[in-house]
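What follows is each chain in one-letter form.
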Amino acid sequence: MSFTIEKQGDIVVVDVEGQLIVGNRQELKQKVLDELDRGGKKFLIDFSQTGYIDSSGLGVLVSLSKKIREQGGELRLANLNDDLKTLFELTKLDTLFQIADTRDRALESF
Amino acid sequence: MSFTIEKQGDIVVVDVEGQLIVGNRQELKQKVLDELDRGGKKFLIDFSQTGYIDSSGLGVLVSLSKKIREQGGELRLANLNDDLKTLFELTKLDTLFQIADTRDRALESF
Amino acid sequence: MESNGPMPGADRHPPVPGPHQTRAAVELEMPSDVRCIDAVVDLVMRQCQALRYPPRACALNVRVALTEALSNAILRGNDENPEKRVCVRTEVTPERLVVEVVDEGAGFDICECLVDPTRPENIYREEGRGLFLMAALMDRVERYTDHGNVVRMTLRRHD
Amino acid sequence: MESNGPMPGADRHPPVPGPHQTRAAVELEMPSDVRCIDAVVDLVMRQCQALRYPPRACALNVRVALTEALSNAILRGNDENPEKRVCVRTEVTPERLVVEVVDEGAGFDICECLVDPTRPENIYREEGRGLFLMAALMDRVERYTDHGNVVRMTLRRHD
Ligand SMILES: Nc1ncnc2c1ncn2[C@@H]1O[C@H](COP(=O)(O)OP(=O)(O)O)[C@@H](O)[C@H]1O
Ligand SMILES: Nc1ncnc2c1ncn2[C@@H]1O[C@H](COP(=O)(O)OP(=O)(O)O)[C@@H](O)[C@H]1O
């Protein structure tokens, strides 16, 4: 399980490899907040390599989104598999996030 | 699961790959009896690649040994792993068969 | 194309139907450590697969609900106290799956704690989606006290 | 050699103990086909491994006794009749393993059928080693009738 952060122009792109769960969500939170401190405004989290997100992982996404918006930035998501999409729909978080089907489309959308 | 038969001089050597069980013991029996019909006298069954022998497999060995002896021949065994040795000991079949630790030693013993 | 003769393989024996599991039950204990959640969830998902539950019921409903129940038992019930254990009991039949998660905490009131996280006033909260997902993905979620705080979840087979 | 500083890795967390299974039970049905024996035996051996039975008890005692009981149920009890089924029920706890094999036959008298195959007058017989091995490798072998002919084997944990 690991988080990879890279810059595509002015967009901070995070890849979540494996799972985003109670045991590692703080690590993701810290990494993204560090980028926010360094002035990042546009954030994309790519879940193409993510098998699972638990409710605490969803919670971290919500609070990151709020913090980024408070700094005038935005957090977008890409590549949710069907099960993950269902979790976002059940919790209505699909109404809170802009979710793209592919990384490219997400990058273009900013 | 398969039985491979080869000749080493005048010794018929059978390799039992996998298991010798109720589902395949008739195949072994037939193969060995065919060699006996063709005049084979010295038989060695090598169990180095055998994971398991059930009671019907043990039974086939006993009846083959009897048939071969009736034709003036002999059936010897080699390479029983520890669990197989225990089965031969429990059923006292270790007293009925000459059992060698290696194939070479079995071949020399004839 | 050849049209004579039997289909290739037509003279082979039909495949043997394998053994068919009709019930599986497991009890286990785990430390109050969230790193153990995955191994337990995997075991229960495998049981559901063995009883031929629909793949999505195994991969989504069982996985999510059990993961959340175990997190709560470890974090809320046992407060991650390494002296305290979580017990899991499962029973899977062709009709239904029952999973019970037992922690050493004081228990809680499901109705009070289950707050709808999709409502506008809650949607920005970081917490409070676990019980909601359990209730959404299982047919029944109950809580009772019996040598600890027991959360019992039932999923009927929907094919 | 450096003698200062902590041992390499000394500051890492100790490994987490995994979940510890305390009971497993399974019921299954299988066709009266000896080709299915292996899959059932494998499943039960895996349960014993999960409950940390000594490797030899799994690989030798459980394997041999269950294989023989299943062969007998299929060949003797059900006469390989494809209409008839064999049921297997297992319960494994840290103290003991119980396996019941149920066939649709008329049953038999264990004491009468269990003939010592190691005696000189029997040692050349092709058959008659199955029940003997079951009795030798299990702590207890019983037979009773309950919706079929049930052979029940018990192995206590010997560590
Ligand atoms: N096993 C438990 N023991 C004690 N309290 C629990 C337990 N499970 C849930 N709760 C209570 O229910 C609340 C809601 O749980 P949940 O919806 O899973 O969200 P979260 O755990 O993110 O707060 C928890 O905050 C806690 O107060
Ligand atoms: N499930 C069963 N149903 C009916 N008879 C059985 C069953 N199991 C064992 N028996 C009887 O016990 C005898 C001895 O069994 P066993 O020792 O396993 O040797 P084998 O099956 O090789 O004859 C069998 O021949 C059969 O008459």
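Above this text is the structure in question.
Everything quoted here is computed from the prediction, not taken from an experiment. (Residues numbered from 1 in each chain as written. Chains lettered and ligands numbered in written order. Predicted model: local features only at pLDDT ≥ 70, side-chain atom pairs only at ≥ 80, totals over all residues. Heavy atoms only, no water.)

Visitor: Please explain the overall build of chain C as it appears in this structure.
Guide: Secondary structure summary: chain C contains four helices and five strands in total. Tracing chain C from N to C terminus, the helices and strands come up as β-α-α-β-β-α-α-β-β. Here the C-alpha coordinates of chain C stretch approximately 75 × 40 × 25 Å along the principal axes. Evaluated residue by residue, chain C yields a buried proportion of 46% over its 159 residues. Considering only contacts within chain C whose residues lie at least 6 apart along the sequence, 63% involve residues at least 24 apart. For chain C, the accessible surface area stands at approximately 8500 Å², while carbon and sulfur atoms represent 50% of it. For chain C, the distance from the average position of its 20 positive side-chain charges to the average position of its 26 negative side-chain charges is 3 Å. (Helix = DSSP H or I, 4+ residues; strand = E, 2+ residues; numbered from the N terminus. Buried < 20%, exposed > 50% of the residue type's maximum accessible area, 1.4 Å probe, protein only. Contact = heavy atoms within 4.5 Å. Areas by Shrake-Rupley, 256 points an atom, 1.4 Å probe, with all protein chains shown as cover. Lys, Arg positive; Asp, Glu negative; His and termini not counted. Charge placed at Lys NZ, Arg CZ, Asp CG, Glu CD.)

Visitor: What is the right way to look at the site of ligand 2 in this model?
Guide: Residues and elements named next belong to chain D. In the vicinity of ligand 2 there are 13 residues, among which Asn72, Arg76, Asp103, Gly128 and Leu131 approach most closely. Interatomic distance of 2.9 Å between a side-chain N/O atom of Arg76 and an oxygen atom of ligand 2. One of the side-chain N or O atoms of Asn149 is found 3.4 Å from a nitrogen atom in ligand 2. Here ligand 2 has 530 Å² of accessible area as a free molecule, and 81% of this is covered by the chains. If you list the elements that add at least two residues to the shell around ligand 2, you get helix H2 (55–77) and helix H4 (130–137). Among the elements that line the shell around ligand 2, the one with the most residues is H2, at four residues. (Near = heavy atom within 4 Å. Polar contact = N/O pair within 3.5 Å; in protein donor to acceptor, adjacent residues only side chain to side chain.)

Visitor: Quick question: what am I supposed to make of the interface of chain A and chain C here?
Guide: Between chain A and chain C, the residue contacts involve 26 residues of the former and 23 residues of the latter. Carbon and sulfur atoms supply 59% of the area that chain A and chain C bury against each other, a total of about 2100 Å² over both sides. Measuring nitrogen to oxygen at the nearest pair gives 3.2 Å for the salt bridge that ties A:Lys29 to C:Glu126. Within the residue set of the side of chain A that touches chain C, elements represented by two or more residues are helix H1 (25–37), strand E4 (50–53), helix H2 (55–70) and helix H3 (82–90) of chain A. With eight residues, the top contributor of residues to the side of chain A that touches chain C is H2(A). The class makeup of the residues in the side of chain A that touches chain C is nine nonpolar, nine polar and eight charged. (Buried area = accessible area lost by both parts, 1.4 Å probe. Salt bridge = Lys/Arg side-chain N within 4 Å of Asp/Glu carboxyl O. Nonpolar A, V, L, I, M, F, W, Y, C, P; charged D, E, K, R; others polar.)

Visitor: What's the story with H1(A) in this structure? I'm lost.
Guide: What sets the pattern is the α-helix's 3.6 residues per turn: residues three or four places apart point alike. Residue and element names in this part refer to chain A. Compared with the 18 Å implied by 1.5 Å per residue over 13 residues, the 18 Å span of H1 between its first and last C-alpha is a close match. Within H1 the residues assigned to the buried category are Arg25, Leu28, Lys29, Val32, Leu33, Glu35 and Leu36. Seen end-on, H1 carries its buried residues on one side only, within an arc spanning 155 degrees. For H1, the secondary structure elements touched by its buried residues are strand E1 (2–8), strand E2 (11–20), strand E3 (42–46) and H2. Gly39 lies just past H1 and shows a positive phi near 105 degrees. (Expected span 1.5 Å × (residues − 1). Arc of directions from axis to C-beta.)

Visitor: It is not clear to me how the interface of chain D and chain C should be interpreted in this structure. Could you clarify?
Guide: Interface size is often expressed as the accessible area that is lost when the parts come together. Taken together, the contact between chain D and chain C spans 22 residues of the former and 22 residues of the latter. Of the roughly 1900 Å² buried between chain D and chain C on both sides combined, carbon and sulfur atoms contribute 61%. Where chain D packs against chain C, one counts zero salt bridges. For the side of chain D that touches chain C, the secondary-structure elements that each account for two or more residues are strand E1 (20–31) and helix H1 (37–50) of chain D. Broken down by element, the residue count for the side of chain D that touches chain C peaks at twelve residues, all from E1(D). Where strand E1 (residues 20–31) of chain C and E1(D) come together, nine bridges link them in antiparallel fashion. The partner of C:Glu29 across the bridge, within E1(D), is D:His20. (Pairing = 2+ DSSP bridges.)

Visitor: For this particular structure, what's the right way to read the arrangement of the chains?
Guide: The two units chain B and chain C are non-contacting; their minimal C-alpha-C-alpha distance is 13 Å. Across all C-alpha pairs, the smallest distance from chain A to chain D is 13 Å, and the two are not in contact.

Visitor: What am I meant to see in the site of ligand 1 here?
Guide: Residues and elements named next belong to chain C. The full set close to ligand 1 counts 13 residues, and Asn72, Arg76, Asp103, Gly128 and Leu131 are the nearest of them. Within the side chain of Asn72, one N or O atom sits 2.7 Å away from an oxygen atom of ligand 1. Looking at the shell around ligand 1, the elements with two or more residues in it are helix H2 (55–77) and helix H4 (130–137). Ranked by residue count, the leading element in the shell around ligand 1 is H2, at four residues. The residue makeup of the shell around ligand 1, split by class, is four nonpolar, five polar and four charged.

Visitor: Help me out: how do you make sense of the nonpolar core in this one?
Guide: Grouped burial of nonpolar side chains is what soluble globular proteins tend to show. If you look at the biggest cluster of nonpolar residues, it comprises 74 residues, and the most contacted ones within it are C:Leu70, C:Leu97, D:Leu70 and D:Leu97. Setting aside chain neighbours within four positions, we find D:Leu70 in contact with D:Met30, D:Ile37, D:Val40, D:Val41, D:Val86, D:Val88 and D:Val101. (Core = buried A, V, L, I, M, F, W, Y, C linked by side-chain atoms within 4.5 Å.)

Visitor: Just to check I follow, could you spell out the packing of aromatic side chains for this structure?
Guide: Here a ring pair, both rings aromatic, is described through the centre-centre distance and the interplanar angle of the planes. Here the structure, examined in full by the defined rule, presents two aromatic pairs over all chains. An angle of 75 degrees between the planes, with centres 6.1 Å apart, marks the rings of A:Phe88 and A:Phe97 as edge-to-face. Each member of the pair, A:Phe88 as well as A:Phe97, carries the same accessibility label: buried. The ring of B:Phe110 carries the charged tip of B:Arg76 above its face, separated from the ring centre by 4.6 Å. Geometry around D:Tyr53 places D:Arg157 over its ring, the cationic atom sitting 4.8 Å from the centre. (Phe/Tyr/Trp six-rings, centres within 6.5 Å; stacked < 30°, edge-to-face > 60°. Lys NZ or Arg CZ within 6 Å of the ring centre and 35° of its normal.)

Visitor: Help me understand the pairing of strand E2 (residues 85–92) of chain C, please; the structure alone is not making it clear to me.
Guide: Residues in a regular strand project their side chains so that they alternate between the two faces of the sheet. Residues and elements named next belong to chain C. By the alternation rule, side chains of E2 split into Val86, Val88, Thr90 and Val92, which are all buried, and Arg85, Cys87, Arg89 and Glu91, of which none is buried. Here E1 pairs with E2 via eight bridges, running antiparallel. When the sheet's bridge partners are listed, Ala25 is paired in E2 with Glu91. Note: E2 against strand E3 (residues 96–103), six bridges, orientation antiparallel. Pairing of Glu91 across the sheet is with Val98, part of E3. In sequence, E2 turns back onto E3 through a hairpin of three residues.

Visitor: Would you explain the sheet that holds strand E4 (residues 140–145) of chain C in this entry?
Guide: Read from one edge of the open sheet, ten strands run E4(C)-E5(C)-E3(C)-E2(C)-E1(C)-E1(D)-E2(D)-E3(D)-E5(D)-E4(D), paired in antiparallel fashion. Of all strands in the sheet, those with a lone pairing partner are E4 of chain C together with strand E4 (140–145) of chain D, marking the two edges. Between one strand and the next, the sheet's axes are offset by a mean angle of 10 degrees, whatever the strand orientation. When E4(C) meets strand E5 (residues 149–156) of chain C, the two strands line up antiparallel, connected through six bridges. When the bridges of E5(C) are listed, C:Tyr144 appears paired with C:Val150. Against the sheet, H2(D) engages E1, strand E2 (85–92), strand E3 (96–103) and strand E5 (149–156) of chain D, with an angle of about 15 degrees to E3(D). (Axes fitted to C-alpha atoms, helices over the stretch in contact; angles between N-to-C directions.)

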